[in-house]
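What the coordinates show
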2 protein chains.
Amino acid sequence: MAYKVRVNLIGAYFGMFLSLSCKGRGFSVLTVESARKYGGFMETNVSAEKALQFLLGNCPAGGQERVALPDSLGRVLDEDIRAGEDIPQFDRSPLDGYAFRAADTLRAGEDNPLILEVIEEVPAGYTPSKAVSAGKTIKVMTGAPIPEGADAVVKYEETLEKGNTVSLFQAFRSGQNIVRAGEDVMKGQIVARKGSVVNPPLIGLLAALGISEISVFRRPRVAVVSTGEELQDLGEELEKGKIRNSNSYSLAAYISELGGEPLVIGTAGDKAEEVAVLMKRGLAEADVVMTTGGVSVGDYDVVQDAVRLAGAEVLFWRIDMKPGSPTLAALKDGKLILGLSGNPAAGMVVFQLLASPLIKKLAGRAEYLWQRIEVLLKEDFRKNSPRRRYLRGRLVWEKGTALMEFTGGQGNDVLSSLIECDLLAEIPAGSGPLKAGEKLEALLLK
Amino acid sequence: MAYKVRVNLIGAYFGMFLSLSCKGRGFSVLTVESARKYGGFMETNVSAEKALQFLLGNCPAGGQERVALPDSLGRVLDEDIRAGEDIPQFDRSPLDGYAFRAADTLRAGEDNPLILEVIEEVPAGYTPSKAVSAGKTIKVMTGAPIPEGADAVVKYEETLEKGNTVSLFQAFRSGQNIVRAGEDVMKGQIVARKGSVVNPPLIGLLAALGISEISVFRRPRVAVVSTGEELQDLGEELEKGKIRNSNSYSLAAYISELGGEPLVIGTAGDKAEEVAVLMKRGLAEADVVMTTGGVSVGDYDVVQDAVRLAGAEVLFWRIDMKPGSPTLAALKDGKLILGLSGNPAAGMVVFQLLASPLIKKLAGRAEYLWQRIEVLLKEDFRKNSPRRRYLRGRLVWEKGTALMEFTGGQGNDVLSSLIECDLLAEIPAGSGPLKAGEKLEALLLK
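Numbers given to residues run from 1 along each chain, matching the order in which its sequence is written. Ligands are numbered from 1 and chains lettered from A, in the order in which they are written. The model is predicted, so local features are restricted to residues of pLDDT at least 70 and side-chain atom pairs to those at 80 or more, both for listing and for counting; the totals for chains, interfaces and linings are taken over all residues. Computation of side-chain values covers all heavy atoms of the structure but excludes hydrogens and water.

Per an unreviewed UniProt entry, chain A goes by the name Molybdopterin molybdenumtransferase and belongs to Syntrophobotulus glycolicus. UniProt positions are given in the numbering used here, feature names are shortened, and annotations may be inferred rather than shown by experiment. Looking at chain A in UniProt, the text filed under Pathway (unreviewed entry) is "Cofactor biosynthesis; molybdopterin biosynthesis." According to the UniProt record, the Function (unreviewed entry) comment for chain A is "Catalyzes the insertion of molybdate into adenylated molybdopterin with the concomitant release of AMP."

This is the structure:
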C-alpha cells in the first residue's frame, strides 16, 4: 500500500506539472483533476502487468457445483481426483493368445516346439476357474485376466493349435505380453488436479474409475454493458452517423468460449446515470461487469461517473499500451468492473490481455495466464512504437521455428485482423520500425 | 480403381505366401481367409495416410441450417460472407478533438498558434449540420463523422479552448487523425469464407455488418457403439474380470468438442448379431458410426461380421502403425463405420488421427487436417519401432523452438497419457531407440 500511494503521488506531481507547462504537447492533464474530483488517488497509465495484477488480485472466489460426468466437458475441477482403484484392476492379456509359465518355454524353439495342454478358455469379462501349472495353458482373449500360475502370454497367431493342445516355437521371459494392474493408473494416484479443465480423455479415465459425478467450479457470470449514443442494435435500420453494437456480441462469445456465462444487460447512451443503472444491474446479477465505450479522454466522465454513482472505487484508469490504453477498472463490494474501449479492436485486445485471464481465474482454472512464446517477425513493421504496442498476428511454423505474420491492419477499430489472430506480439516501448526476422515475445492465444 | 485392385492382389499374394510359410513368426494370416470368406478383397494393414484417404474420400456432404448470430459460436459457415457495407461506414474521428482544414495549419507552431472558430459540436451518433471552411472548426467526439470540408483532427488535449475559439500549436497533414470509411472492412470484401469456424471477433464483425442470422453446416451426428462382454457401465458394482466402459464417454466428449452431436447407442456383448443391431440403429440415426472393441485378431469376426450383417462393405482392416493397428472402416449406403480398438489409448490415438479429421470435414470445416510441425524430442525414447509409431506428448517451448516431452506411458491401454497430450509425434517404421534432441514430425492436436 505504501508503494501504491507513493506511485500515485509521483503521478499526481507529474500530472500537475504537465498541466501547467505541457499544454499542446499531447499529455493528458486529467490525472490531478480526477484525483481532486473524486477525493482520492487512483492509478493512471499503469503497465499492462500492473493492470492485470489489480484484476487478478481482486478476483473473487468461484462457487462450486456437482455435474454428471457426461456434462463435465470443459468444466474446471474444484478438487483433486484420486484413483480409488488400479487401472487396469487386474493383470490382463493385451492380445488373444495362451497364458502359460515362461519357465516351461526355456528350451522351446522353431525346431523344438513346446506342446501345452489347453485346460480352459477365458473370454474378456470372465475369470479363469483353474490355475496354470507346468505343461498346461489357458486360452485368454484380449482383456481377459491372467490366470493364476501363468506369467507370460503368446499371441494366437504365433502358435499351432491341434485338438486340445497348442505348440509354441520360442522362449518367453516372465511378464511377456502381460499388462500389469495399475499400468495406466495406480490406486491412490492423483489423476487430475483441482483447477484442470475436463477434457475427453479425462472423462474416459474418470468413467474407467467409476466416477459418475464430479465437483466443478460454477461458471462465472459476466455482465456486458455497452455505452454510446451512436450504438444501434442488429435488425434496426442504421441511422446516419450511427454504428451497430458489435462489442456486446463479440464479448458474449469470448465469455462463452472461456466457460463463462455472458449476461448481456443492454446499451446505455452517454449519460452516466443511465450507465450506472445498467452497471448496478450487472453487479447484482453477475460476478464481473464489463462495459464498452465511455472510457477515453473526453468520454472519461461517463463510465467514471457511472462507477461513482454505482458506489464503486476506481482501481486504475488508462494502461500504458497501444491499442486499448483507455481502460478502467473499479471494485464494488468485491466485484470487479472492467471498462473497455469502445473501439472494437482495442477493446478486444485488452479483453484478451486482461479479461481472459480474469475470467479463467474466476472459472477456477489453475492456469489462467496466456503462454508467452518467442517468435520471429515474418515481415517488417514500419511504425515507431513510443509506447508498448501489441500486434495482432498468426503463428506460422517454419521447420521447428515459430514465426508471426500479421493478420491485417493494426488500427484501434480494425476488428477483422482479430479473426485469425492467435498471437499478440509485444513491442517494447521506445522501439523503432522492426525488420522481418526480429525476435519478439508474444502471447499465444490458444 | 485399377490401382486399388492391384494393391489388393499384391496384399493377397503376400498374405497367401505368409500363411503357408511363416506360421509362428508373428504374421497375421487372416488376410486371405477373410478375403475368401467375404467373397472379395479388402485392404489390410494400410498406411495411416491411406486409411485417412479412405475415410475422407467417403465423407458424406453435410446439411445446412440457419442460426441466429449469438448462437453461432463454433459453428461452421456454409457460405462465403461478403460485407454489404464499409466498416466503418463513414470517415470518423478516432478521438475527442476538433476537425478542420489541414491547409489552415501550414504556418502553425508553438509560438504561432492558429486560432479557429468553433461552429458546432458533434457527439458520436450524430451528424454535423454544417461544413468546415477556412478558419472554422467543428468539435468532434470519438466516433463522430468527419464534417464536410474538414480533412484533419486535433486531439482535445493538444489544444487550448477559449470561448468559442480553439488554438492549435502545430501543422497537420491532410488525413491526420481520421479513420477512413472501409478501414476495417470494404464493401464487397469477403469477411469470412465457407468452411471457417465462427469465433468471437467474427461474430462481432458480422454484428457490425448488421448480419443477425447466418447459414451454417448442420452438426454431424456420430453414433457410438461399444462392444465387449467385459464392459460394465458407470454406477454398477464392478464384477470380477469386468472393466468399466470408458470409451463411449471419451468418444462422446471428443465428438462434442469437434462440434458433432454424439449419439451413444449402447453396449453390445461379443455377438455379431447384437453388434449389428446397434450398428444398424446408428446407421439409421447418424452420419457416421463408431464402434470400439471387437476388431483385433481374435475379436476380428465380431465387428467384421456385424458389418456384413448390417450390409456394409469393408474398406480396410488394420493400419500399419502402433498403437491402434486393429482398426476397421466400412461403408453402407454412403455412411461410414469406423471400428476402433477397444484398448482406450489405442482407440483414442486412432480417433485423433482418423476420426477427428473426418468429423471436422463432415462438419464442413475447410481445414480438417491436423497441423504437422517439427519438434525436437526432449527426452530419450528407448524402444525400437519396427512399424510406424505415434508417441503421446506435450508441446513445450524453449526460446522459439518446439520440443516434445512425453505425457506418460505409451502402452495401448494407457489413457492417462492422453490427458495432457497435445502432440502426436511420428516415429518412422524401422527406427531404433531415439535420443533427446532428435527431430520428429508431429501432429499438433490443437
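Right, picking up where we left off after that structure.
1. Let's talk about the overall build of chain A
Here a strand is any run of E in DSSP of at least two residues, a helix any run of H or I of at least four, and the numbering for each starts at the N terminus. What chain A contains, in helices and strands, is 8 helices and 24 strands. Looking at chain A residue by residue over its 446 residues, the buried ones come to 58%. Put simply, 69% of the contacts in chain A that link residues at least 6 apart link residues at least 24 apart. Working note: accessible area of chain A is about 18,400 Å², and carbon and sulfur atoms make up 49% of it. Partly exposed residues are those whose accessible area sits between 20% and 50% of the maximum for their type, while under 20% is buried and over 50% is exposed, using a 1.4 Å probe and protein chains only. A contact between two residues is defined here by any heavy atoms of the two lying within 4.5 Å. Only the protein chains shown count as cover for residues, and the accessible areas themselves come from Shrake-Rupley with a 1.4 Å probe.

2. Comments concerning the interface of chain A and chain B
Tallying the contact residues gives 85 residues for chain A and 87 residues for chain B. Two parts placed together each lose some accessible area under a 1.4 Å probe, and adding up what both lose gives the buried area. Summed over both sides, the interface of chain A with chain B buries roughly 7,200 Å², with 59% coming from carbon and sulfur. By the criterion of area lost to chain B, the three top residues of chain A are A:Glu157, A:Trp397 and A:Ile419, representing 10% of everything that side buries. Salt-bridge detection follows one rule: a side-chain nitrogen of Lys or Arg within 4 Å of a carboxyl oxygen of Asp or Glu. Scanning the region where chain A abuts chain B turns up 4 salt bridges. As a salt-bridge pair, B:Asp413 and A:Arg92 come within 3.7 Å of each other at their nearest N and O atoms. Polar contact is the term for a pair of N or O atoms within 3.5 Å; when the atoms are in protein, one must be able to donate a hydrogen and the other to accept it, and sequence-neighboring residues count only if both atoms are side-chain atoms. Linking chain A with chain B are 10 residue pairs in polar contact (both at pLDDT 80 or more), by the criterion used here.

3. Describing helix H3 (residues 48–57) of chain B
When you tally the buried positions in H3(B), you get 7 out of 10 residues, the bulk of the element. B:Ala48, B:Lys50, B:Ala51, B:Leu52, B:Phe54, B:Leu55 and B:Leu56 are the residues of H3(B) that are buried.

4. Here's the deal with the packing of aromatic side chains
Each pair of aromatic rings taken from Phe, Tyr and Trp, with Trp reduced to its six-membered ring, is defined by centres within 6.5 Å and is described as stacked if the planes are under 30 degrees apart, edge-to-face if over 60, and tilted in the remaining cases. In this structure the tally under the stated criterion is 9 aromatic pairs over all chains. Note on B:Phe100 and B:Phe172: the rings are 5.1 Å apart at their centroids and 80 degrees apart in plane angle, and the pair reads as edge-to-face. Linking B:Phe100 in strand S4 (residues 97–100) with B:Phe172 in the loop between strand S9 (165–168) and strand S10 (190–192), this pair joins segments that are 72 residues apart in sequence. Judged by relative accessible area, B:Phe100 falls into the buried class, the value being 0%. Charge over a ring is defined by NZ of Lys or CZ of Arg lying within 6 Å of the ring centre and within 35 degrees of the ring normal. Here A:Lys360 stacks its cationic end above the ring of A:Trp370, 3.6 Å away from the centre of that ring. One residue, B:Lys242, lies across the ring of A:Tyr126, its end atom 5.4 Å from the ring centre.

5. Focus on the side chain of A:Thr227
Residue and element names in this part refer to chain A. If you trace the backbone, Thr 227 turns up in strand S12 (residues 221–227). A distance of 2.9 Å separates a polar atom in the side chain of Thr 227 from the backbone oxygen of Thr 292. Separated by 3.4 Å, the side chain of Thr 227 and the backbone oxygen of Gly 293 make a polar contact. Setting aside residues no more than four positions away along its own chain, Thr 227 makes contact with Ala 268, Gly 269, Val 275, Thr 292, Gly 293, Gly 294 and Val 303.

6. Notes on the pairing of strand S20 (residues 371–377) of chain A
Residue and element names in this part refer to chain A. By the convention used here, strands pair only if DSSP detects at least 2 bridges between them. Across 6 bridges, S20 lies against strand S24 (residues 439–444) in antiparallel orientation. When the sheet's bridge partners are listed, Leu 376 is paired in S24 with Lys 439. In the sheet, S20 pairs with strand S22 (residues 401–406) via 2 bridges, with the strands oriented parallel. Paired with Leu 377 across the strands is Met 404, a residue of S22.

7. Some words on the pattern of salt bridges
A side chain with one charge may pair with a side chain of the opposite charge, provided their charged atoms come close. Residues and elements named next belong to chain A. Applying the stated criterion to the full structure yields 49 salt bridges over all chains. Arg 218 is the salt-bridge partner of Asp 287, the closest N and O atoms lying 3.3 Å from each other. Of this pair, Asp 287 sits in the loop between helix H6 (272–285) and strand S16 (288–292) while Arg 218 is found in the loop between strand S11 (213–217) and S12, placing the two residues 69 residues apart along the sequence. Residues Asp 333 and Lys 332 are paired through a salt bridge, measuring 3.6 Å at the closest nitrogen-oxygen approach. A single network of salt bridges, built from pairs that share partners, joins Glu 49, Arg 372, Arg 388, Glu 426 and Glu 441.

8. Digging into the relation of the copies chain A and chain B
When the copies are superposed, the least-squares fit takes in the C-alpha atoms of residues with a pLDDT of at least 70 in both. Superposing chain A onto chain B takes a rotation of 180 degrees plus a shift of 0.0 Å along the axis, which leaves an RMSD of 0.1 Å. Both copies are brought into coincidence by an operation consistent with a two-fold rotation axis. The C-alpha atom lying nearest the rotation axis in chain A is that of A:Thr401; the distance is 2.6 Å. The fraction of interface residues of chain A whose copies in chain B are also interface residues reaches 100%, indicating that both copies meet through the same surface.

9. Quick word on the sheet that holds strand S15 (residues 261–268) of chain A
Residues and elements named next belong to chain A. An order of S1-S17-S18-S19-S16-S12-S15 is seen for the 7 strands of this open sheet, with the pairing classed as mixed. Each edge of the sheet is formed by a strand with only one pairing partner; in this case those strands are strand S1 (43–46) and S15. Taken pair by pair, the neighbouring strands of this sheet meet at an average axis angle of 20 degrees, ignoring direction. Here strand S18 (residues 328–332) pairs with strand S19 (residues 335–340) via 5 bridges, running antiparallel. Bridge pairing in S19 links Leu 331 to Leu 336. Angles here are taken between N-to-C directions and fall from 0 to 180 degrees, while the axes themselves are lines fitted to C-alpha atoms, restricted in helices to the stretch in contact.

10. Topic: helix H5 (residues 247–257) of chain A
For H5(A), the tally of buried residues reaches 9 of 11 residues, placing the bulk of the element in the interior. Against the buried residues of H5(A) lie S12, S15, S16, S19 and helix H8 (344–362) of chain A together with helix H4 (200–208) of chain B. Of the residues one or two after H5(A), A:Gly259 is the one with positive phi, at around 90 degrees.

11. Some remarks on the environment of B:Arg173
All names here are of chain B. Examined against the element boundaries, Arg 173 turns out to sit in the loop between S9 and S10. Take Arg 173: its relative accessible area is 55%, and that puts it in the exposed class. The spacing of Arg 173 and Asp 151 is 22 residues in sequence and 8.4 Å in space, taken between C-alpha atoms. For Arg 173, the contacting residues outside a window of four places in its chain are Ala 102, Asp 151 and Ala 152.

12. Considering the side chain of B:Ser226
Residues and elements named next belong to chain B. As for its position among the elements, Ser 226 is in strand S12 (residues 221–227). Within polar-contact distance, the side chain of Ser 226 engages the side chain of Asn 245 at 3.1 Å. Those residues in contact with Ser 226 that sit more than four places away from it in its chain are Leu 231, Asn 245, Ser 248, Gly 266, Thr 267, Ala 268 and Thr 292.

13. Thoughts on the environment of A:Asp96
All names here are of chain A. As for its position among the elements, Asp 96 is in the loop between strand S3 (81–82) and strand S4 (97–100). By relative accessible area, which is 5% here, Asp 96 ends up buried. It is 4.2 Å that separates the C-alpha atoms of Asp 96 and Met 141, two residues lying 45 residues apart in sequence. Among the polar contacts made by the side chain of Asp 96, one reaches the main-chain amide nitrogen of Thr 142 at a distance of 2.8 Å.

14. Topic: the sheet that holds strand S5 (residues 114–122) of chain A
Residue and element names in this part refer to chain A. If you trace the 6 strands from one edge of the open sheet to the other, you get S7-S4-S6-S5-S9-S8, paired in mixed fashion. Whereas interior strands pair on both sides, the edge strands pair on one side only; in this sheet they are strand S7 (152–155) and strand S8 (160–162). Strand after strand, the sheet turns through a mean of 35 degrees between neighbouring axes, direction not considered. Pairing between S8 and strand S9 (residues 165–168): 3 bridges, direction antiparallel. Looking across to S9, one finds that Lys 162 is bridged to Thr 165.

15. Some thoughts on the packing of H5(A) against H8(A)
Residues and elements named next belong to chain A. At a minimum axis distance of 11 Å, the contact between H5 and H8 shows a crossing angle of 25 degrees. In terms of orientation, H5 and H8 fall into the roughly parallel class. Here H5 runs over H8; the crossing is right-handed. Along its contact with H5, which presents Asn 247, Ser 250, Leu 251, Tyr 254 and Ile 255, the element H8 presents Pro 344, Met 348, Phe 351, Gln 352 and Ile 359. Classification convention: Asp, Glu, Lys, Arg as charged; Ala, Val, Leu, Ile, Met, Phe, Trp, Tyr, Cys, Pro as nonpolar; all other residues, Gly among them, as polar. Counted by class, the contact of H5 with H8 contains 7 nonpolar, 3 polar and no charged residues. Should an angle lie under 35 degrees it is considered roughly parallel, over 145 roughly antiparallel, and from 65 to 115 roughly perpendicular; all remaining angles are considered oblique. Less than a right angle of anticlockwise turn of the near helix away from the far helix marks a crossing as left-handed, whereas a clockwise turn marks it as right-handed.

16. What about the environment of A:Ala181?
Residues and elements named next belong to chain A. With respect to the element layout, Ala 181 can be found in the loop between S9 and strand S10 (190–192). Sequence spacing of Ala 181 and Asp 91 is 90 residues, and the spatial spacing of their C-alpha atoms is 4.7 Å. Apart from residues no more than four positions distant in its own chain, Ala 181 is found in contact with Asp 86, Pro 88, Gln 89, Phe 90 and Asp 91.

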